[in-house]
Amino acid sequence: MPLALNAGDALTLASLRPLIDQMREMEPRLAWALLEETERMARESAEGQATELGWQRDATFDLTETDYLEMVLKKTCWLATIFPTRVGALIATAARGEEIDLDPFIRFGFFLGAAFQIQDDLLNLVADARYGKERDGDLREGKRTLMLIHLREHATSAERRKLEALLHRPRRERTAADVTWLRERMEAHGSIDHARRLAHGLAGAALHEFSLLFGPLPDSRDKRFLEGLATWVFERT
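Below is a short write-up of the structure. As a convention, each chain's residues are numbered from 1 in the sequence order in which they are written. At least 70 in pLDDT is required for a residue's local features to be given in this predicted model, at least 80 for side-chain atom pairs to be given and counted, and no such filter applies to totals for whole chains, interfaces and linings, which use all residues. The basis for the side-chain values is all heavy atoms of the structure; hydrogens and waters are excluded.

### Section: the packing of helix 4 (residues 103-126) against helix 9 (residues 191-214)
Argument step 1. Note on method: axes are straight lines fitted to C-alpha atoms, helices fitted across the in-contact stretch only, with angles between N-to-C directions ranging 0 to 180 degrees. Comment: elements are numbered from the N terminus, with helices defined as DSSP H or I runs of at least four residues and strands as E runs of at least two. For the pair helix 4 and helix 9, interaxial distance at closest approach is 8 Å and the crossing angle is 155°. Considering their axes alone, helix 4 and helix 9 lie roughly antiparallel with respect to each other. Between helix 4 and helix 9 lies a crossing whose hand is left-handed.
Argument step 2. Looking at the contact of helix 4 with helix 9 residue by residue, the class counts come to 22 nonpolar, no polar and three charged. For classification purposes, an angle smaller than 35 degrees is called roughly parallel, one larger than 145 roughly antiparallel, one from 65 to 115 roughly perpendicular, and anything else oblique. Here a crossing is taken to be left-handed if its near helix is turned anticlockwise relative to the far helix by less than a right angle, and right-handed if that turn runs clockwise. When residues are sorted by character, Ala, Val, Leu, Ile, Met, Phe, Trp, Tyr, Cys and Pro go into the nonpolar class, Asp, Glu, Lys and Arg into the charged class, and all the rest, Gly among them, into the polar class.

### A word on the side chain of Gln-119
Argument step 1. Structurally, the position occupied by Gln-119 is in helix 4.
Argument step 2. Contacts between residues were defined by any pair of non-hydrogen atoms, one from each residue, lying within 4.5 Å. Once residues within four sequence positions are removed from consideration, Gln-119 is found in contact with Val-233, Phe-234 and Arg-236.

### Thoughts on the packing of aromatic side chains
Argument step 1. Here a pair means two rings of Phe, Tyr or Trp (six-membered ring of Trp) with centres within 6.5 Å. Their orientation is stacked below 30 degrees between planes, edge-to-face above 60, and tilted elsewhere. Summed over the entire model, instances satisfying the criterion amount to six aromatic pairs.
Argument step 2. A centroid spacing of 6.1 Å and a plane angle of 70° characterise the contact between Phe-105 and Phe-214, whose relative ring orientation is edge-to-face. With Phe-105 in helix 4 and Phe-214 in helix 9, this pair connects stretches of sequence that are 109 residues apart.
Argument step 3. Exposure classes here rest on a 1.4 Å probe applied to the protein chains alone. A residue is buried below 20% of its type maximum, exposed above 50%, and partly exposed in between. By relative accessible area, which is 11% here, Phe-214 ends up buried.
Argument step 4. Judged by centre distance (6.1 Å) and plane angle (15°), the rings of Phe-116 and Trp-232 are stacked. Of the two residues, Phe-116 is situated in helix 4 and Trp-232 in helix 10 (residues 221-235); the sequence distance between them amounts to 116 residues.
Argument step 5. Put simply, the rings of Phe-105, Phe-108, Phe-210 and Phe-214 touch in pairs and so form one group of aromatic residues.
Argument step 6. Whether a charge lies above a ring is judged from NZ of Lys or CZ of Arg, which has to be within 6 Å of the ring centre and within 35 degrees of the ring normal. Arg-152 extends its terminal NZ or CZ atom over the ring of Phe-61, reaching a point 5.6 Å from the ring centre.

### Considering the pattern of salt bridges
Argument step 1. A pairing counts as a salt bridge when a side-chain nitrogen of Lys or Arg comes within 4 Å of a carboxyl oxygen of Asp or Glu. Summed over all chains, the structure comprises 21 salt bridges.
Argument step 2. Across the pair Arg-29 and Glu-99 runs a salt bridge whose closest N-O atoms are separated by 3.6 Å. Taken together, the residues span a long stretch of sequence, with Arg-29 in helix 2 (residues 28-57) and Glu-99 in the loop between helix 3 (65-94) and helix 4 at a distance of 70 residues. Exposure class is identical for Arg-29 and Glu-99. Each is exposed.
Argument step 3. Put simply, Arg-185 and Glu-159 hold a salt bridge, and the shortest N to O gap is 2.8 Å. Linking Arg-185 in helix 8 (residues 176-188) with Glu-159 in helix 7 (residues 157-168), this pair joins segments that are 26 residues apart in sequence.
Argument step 4. The exposure class assigned to Glu-159 is buried, which follows from its relative accessible area of 13%.
Argument step 5. If you follow the salt bridges from partner to partner, you end up with Arg-40, Glu-44, Glu-47 and Lys-74 in one network.

### Some points on helix 3
Argument step 1. Taking 1.5 Å per residue, 30 residues should reach 44 Å; helix 3 reaches only 38 Å between its end C-alpha atoms and comes up short.
Argument step 2. Two axes are fitted around each residue, one to the seven residues ending there and one to the seven starting there, and the angle between them is reported as the bend at that residue. At Cys-77, helix 3 is bent by approximately 75°, the largest bend along its length. Each helix should span, by expectation, one fewer than its residue count multiplied by 1.5 Å.

### Digging into the environment of Ala-206
Argument step 1. Examined against the element boundaries, Ala-206 turns out to sit in helix 9.
Argument step 2. The class of Ala-206 is buried, set by a relative accessible area of 1%.
Argument step 3. Remark: the alpha-carbon pair of Ala-206 and Ala-158, spanning 48 residues in sequence, is separated by 39 Å.
Argument step 4. Once residues lying within four places of it in the same chain are set aside, the contact partners of Ala-206 are Phe-108, Phe-111 and Leu-112.

Structure, rendered in C-alpha coordinates:
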(Lines give C-alpha, C1' and ligand atoms only; values in the text may rest on other atoms or scores of the structure.)
Protein backbone atom coordinates (compact mmCIF):
# COMPACT_ATOMS: atom_id res chain seq x y z
CA MET A 1 0.00 0.00 0.00
CA PRO A 2 2.73 2.59 0.80
CA LEU A 3 4.45 1.82 -2.52
CA ALA A 4 1.18 2.20 -4.41
CA LEU A 5 0.36 5.51 -2.73
CA ASN A 6 3.81 6.91 -3.47
CA ALA A 7 3.62 5.76 -7.09
CA GLY A 8 0.23 7.44 -7.44
CA ASP A 9 1.59 10.71 -6.07
CA ALA A 10 4.52 10.52 -8.50
CA LEU A 11 2.25 9.84 -11.48
CA THR A 12 0.04 12.79 -10.56
CA LEU A 13 3.03 15.10 -10.66
CA ALA A 14 4.39 13.52 -13.85
CA SER A 15 1.04 14.05 -15.59
CA LEU A 16 1.41 17.82 -15.16
CA ARG A 17 4.79 18.01 -16.88
CA PRO A 18 3.52 17.98 -20.52
CA LEU A 19 1.10 20.79 -19.67
CA ILE A 20 3.80 22.84 -17.94
CA ASP A 21 6.17 22.34 -20.88
CA GLN A 22 3.53 23.54 -23.36
CA MET A 23 2.49 26.55 -21.28
CA ARG A 24 5.61 28.40 -22.38
CA GLU A 25 4.36 28.31 -25.97
CA MET A 26 0.65 28.95 -25.30
CA GLU A 27 -1.30 32.14 -25.04
CA PRO A 28 -1.24 32.82 -21.26
CA ARG A 29 -5.03 32.93 -20.81
CA LEU A 30 -5.45 29.55 -22.52
CA ALA A 31 -2.61 28.03 -20.49
CA TRP A 32 -4.20 29.19 -17.25
CA ALA A 33 -7.64 27.90 -18.32
CA LEU A 34 -6.16 24.47 -19.09
CA LEU A 35 -4.42 24.35 -15.73
CA GLU A 36 -7.69 25.23 -13.97
CA GLU A 37 -9.54 22.53 -15.90
CA THR A 38 -6.88 19.98 -14.96
CA GLU A 39 -7.06 20.94 -11.28
CA ARG A 40 -10.84 20.69 -11.26
CA MET A 41 -10.81 17.29 -12.96
CA ALA A 42 -8.33 15.95 -10.40
CA ARG A 43 -10.34 17.37 -7.51
CA GLU A 44 -13.70 16.09 -8.75
CA SER A 45 -12.24 12.63 -9.40
CA ALA A 46 -10.66 12.42 -5.97
CA GLU A 47 -13.89 13.50 -4.29
CA GLY A 48 -15.88 10.89 -6.22
CA GLN A 49 -13.41 8.15 -5.38
CA ALA A 50 -13.46 9.20 -1.71
CA THR A 51 -17.26 9.09 -1.70
CA GLU A 52 -17.35 5.55 -3.06
CA LEU A 53 -14.62 4.30 -0.74
CA GLY A 54 -16.37 5.95 2.18
CA TRP A 55 -19.60 4.11 1.42
CA GLN A 56 -17.76 0.80 1.61
CA ARG A 57 -15.73 1.71 4.70
CA ASP A 58 -18.78 2.95 6.62
CA ALA A 59 -21.06 0.17 5.32
CA THR A 60 -23.47 2.84 4.07
CA PHE A 61 -26.72 1.14 3.16
CA ASP A 62 -29.49 3.66 2.49
CA LEU A 63 -28.26 5.06 -0.82
CA THR A 64 -30.44 6.22 -3.69
CA GLU A 65 -30.01 6.21 -7.45
CA THR A 66 -29.32 9.94 -7.25
CA ASP A 67 -26.49 9.32 -4.77
CA TYR A 68 -24.95 6.83 -7.21
CA LEU A 69 -25.20 9.16 -10.22
CA GLU A 70 -23.70 12.08 -8.29
CA MET A 71 -20.78 9.88 -7.28
CA VAL A 72 -20.31 8.71 -10.88
CA LEU A 73 -20.41 12.31 -12.13
CA LYS A 74 -17.35 13.00 -10.02
CA LYS A 75 -15.47 9.70 -10.05
CA THR A 76 -15.89 8.72 -13.68
CA CYS A 77 -17.33 11.50 -15.81
CA TRP A 78 -14.99 14.37 -15.02
CA LEU A 79 -11.92 12.30 -15.81
CA ALA A 80 -13.13 10.21 -18.74
CA THR A 81 -15.56 12.41 -20.68
CA ILE A 82 -16.13 15.92 -19.30
CA PHE A 83 -12.51 17.03 -18.98
CA PRO A 84 -11.37 15.82 -22.44
CA THR A 85 -14.24 17.51 -24.29
CA ARG A 86 -13.99 20.76 -22.35
CA VAL A 87 -10.24 20.97 -22.92
CA GLY A 88 -10.65 20.15 -26.60
CA ALA A 89 -13.23 22.91 -26.96
CA LEU A 90 -10.98 25.39 -25.16
CA ILE A 91 -8.01 24.67 -27.41
CA ALA A 92 -10.05 24.68 -30.63
CA THR A 93 -11.84 27.95 -29.94
CA ALA A 94 -8.77 29.71 -28.54
CA ALA A 95 -7.00 29.05 -31.83
CA ARG A 96 -9.71 31.17 -33.51
CA GLY A 97 -9.74 33.82 -30.79
CA GLU A 98 -13.22 32.80 -29.60
CA GLU A 99 -14.74 32.16 -26.20
CA ILE A 100 -17.11 29.27 -25.54
CA ASP A 101 -19.63 28.27 -22.89
CA LEU A 102 -18.26 25.05 -21.39
CA ASP A 103 -21.33 24.11 -19.30
CA PRO A 104 -23.03 22.07 -22.06
CA PHE A 105 -20.01 19.77 -22.12
CA ILE A 106 -20.80 18.80 -18.53
CA ARG A 107 -24.19 17.49 -19.65
CA PHE A 108 -22.78 15.60 -22.63
CA GLY A 109 -19.93 14.18 -20.55
CA PHE A 110 -22.18 13.20 -17.67
CA PHE A 111 -24.64 11.26 -19.83
CA LEU A 112 -21.88 9.49 -21.74
CA GLY A 113 -19.69 8.81 -18.69
CA ALA A 114 -22.58 7.56 -16.55
CA ALA A 115 -23.67 5.16 -19.31
CA PHE A 116 -20.08 3.92 -19.48
CA GLN A 117 -19.84 3.38 -15.72
CA ILE A 118 -23.15 1.54 -15.44
CA GLN A 119 -22.19 -0.69 -18.36
CA ASP A 120 -18.81 -1.29 -16.70
CA ASP A 121 -20.59 -2.39 -13.53
CA LEU A 122 -22.90 -4.62 -15.57
CA LEU A 123 -19.97 -6.27 -17.33
CA ASN A 124 -18.64 -7.28 -13.92
CA LEU A 125 -21.79 -9.39 -13.54
CA VAL A 126 -22.62 -10.62 -17.03
CA ALA A 127 -19.47 -10.51 -19.18
CA ASP A 128 -18.12 -13.62 -20.87
CA ALA A 129 -14.63 -15.12 -20.58
CA ARG A 130 -13.07 -12.17 -22.45
CA TYR A 131 -13.78 -9.85 -19.52
CA GLY A 132 -10.46 -8.64 -18.19
CA LYS A 133 -11.36 -8.21 -14.52
CA GLU A 134 -12.51 -10.44 -11.68
CA ARG A 135 -16.07 -11.44 -12.47
CA ASP A 136 -18.45 -10.68 -9.59
CA GLY A 137 -15.60 -8.77 -7.94
CA ASP A 138 -17.94 -5.83 -7.27
CA LEU A 139 -20.26 -8.11 -5.29
CA ARG A 140 -17.39 -9.50 -3.25
CA GLU A 141 -16.13 -5.96 -2.69
CA GLY A 142 -19.55 -4.72 -1.63
CA LYS A 143 -19.35 -1.97 -4.23
CA ARG A 144 -22.44 0.26 -4.23
CA THR A 145 -23.47 -0.21 -7.84
CA LEU A 146 -26.77 0.85 -9.35
CA MET A 147 -27.88 -2.78 -9.28
CA LEU A 148 -27.16 -3.13 -5.57
CA ILE A 149 -29.02 0.09 -4.79
CA HIS A 150 -32.00 -1.04 -6.88
CA LEU A 151 -32.00 -4.38 -5.07
CA ARG A 152 -32.07 -2.70 -1.67
CA GLU A 153 -35.02 -0.54 -2.74
CA HIS A 154 -37.06 -3.48 -4.06
CA ALA A 155 -36.08 -6.32 -1.71
CA THR A 156 -38.42 -7.76 0.87
CA SER A 157 -37.87 -6.89 4.52
CA ALA A 158 -36.14 -10.21 5.15
CA GLU A 159 -33.94 -9.82 2.05
CA ARG A 160 -33.04 -6.29 3.07
CA ARG A 161 -31.92 -7.42 6.51
CA LYS A 162 -29.75 -10.14 4.97
CA LEU A 163 -28.35 -7.71 2.41
CA GLU A 164 -27.44 -5.19 5.09
CA ALA A 165 -25.72 -7.91 7.12
CA LEU A 166 -23.70 -8.97 4.08
CA LEU A 167 -22.59 -5.42 3.36
CA HIS A 168 -21.41 -4.96 6.93
CA ARG A 169 -19.01 -7.89 6.58
CA PRO A 170 -15.46 -7.34 5.29
CA ARG A 171 -14.71 -8.75 1.84
CA ARG A 172 -12.77 -11.72 3.19
CA GLU A 173 -15.90 -12.93 5.01
CA ARG A 174 -18.19 -12.85 1.97
CA THR A 175 -18.50 -16.36 0.60
CA ALA A 176 -19.24 -17.70 -2.87
CA ALA A 177 -22.72 -18.54 -1.57
CA ASP A 178 -23.20 -14.90 -0.56
CA VAL A 179 -22.23 -13.73 -4.03
CA THR A 180 -24.58 -16.26 -5.64
CA TRP A 181 -27.44 -15.09 -3.42
CA LEU A 182 -26.81 -11.45 -4.37
CA ARG A 183 -26.82 -12.26 -8.09
CA GLU A 184 -30.00 -14.31 -7.78
CA ARG A 185 -31.80 -11.52 -5.90
CA MET A 186 -30.68 -8.94 -8.45
CA GLU A 187 -32.05 -11.06 -11.26
CA ALA A 188 -35.29 -11.79 -9.39
CA HIS A 189 -35.99 -8.11 -8.72
CA GLY A 190 -35.00 -6.92 -12.20
CA SER A 191 -32.03 -4.91 -10.94
CA ILE A 192 -29.76 -5.87 -13.85
CA ASP A 193 -32.43 -5.10 -16.45
CA HIS A 194 -33.16 -1.78 -14.75
CA ALA A 195 -29.50 -0.77 -14.91
CA ARG A 196 -29.27 -1.82 -18.55
CA ARG A 197 -32.30 0.30 -19.46
CA LEU A 198 -30.98 3.32 -17.61
CA ALA A 199 -27.56 3.01 -19.29
CA HIS A 200 -29.19 2.98 -22.72
CA GLY A 201 -31.35 5.96 -21.79
CA LEU A 202 -28.29 7.90 -20.68
CA ALA A 203 -26.50 7.04 -23.92
CA GLY A 204 -29.50 8.33 -25.85
CA ALA A 205 -29.37 11.57 -23.85
CA ALA A 206 -25.66 11.81 -24.67
CA LEU A 207 -26.46 11.55 -28.37
CA HIS A 208 -29.02 14.34 -28.02
CA GLU A 209 -26.44 16.58 -26.33
CA PHE A 210 -23.93 15.59 -29.01
CA SER A 211 -26.31 16.81 -31.72
CA LEU A 212 -26.65 20.18 -29.98
CA LEU A 213 -22.92 20.61 -29.39
CA PHE A 214 -21.37 19.09 -32.49
CA GLY A 215 -24.22 18.85 -34.99
CA PRO A 216 -23.45 22.17 -36.73
CA LEU A 217 -19.80 21.21 -37.25
CA PRO A 218 -18.65 19.77 -40.59
CA ASP A 219 -18.32 16.01 -40.87
CA SER A 220 -14.94 14.60 -39.86
CA ARG A 221 -13.35 11.43 -38.53
CA ASP A 222 -13.10 12.98 -35.06
CA LYS A 223 -16.75 13.99 -35.03
CA ARG A 224 -17.81 10.47 -36.04
CA PHE A 225 -15.56 9.04 -33.34
CA LEU A 226 -17.24 11.13 -30.63
CA GLU A 227 -20.70 10.21 -31.85
CA GLY A 228 -19.78 6.54 -31.96
CA LEU A 229 -18.78 6.46 -28.30
CA ALA A 230 -22.44 6.23 -27.27
CA THR A 231 -22.74 2.86 -28.99
CA TRP A 232 -19.18 1.70 -28.28
CA VAL A 233 -20.06 1.79 -24.55
CA PHE A 234 -22.26 -1.25 -25.11
CA GLU A 235 -20.17 -3.03 -27.74
CA ARG A 236 -16.97 -3.32 -25.72
CA THR A 237 -16.23 -6.42 -23.66
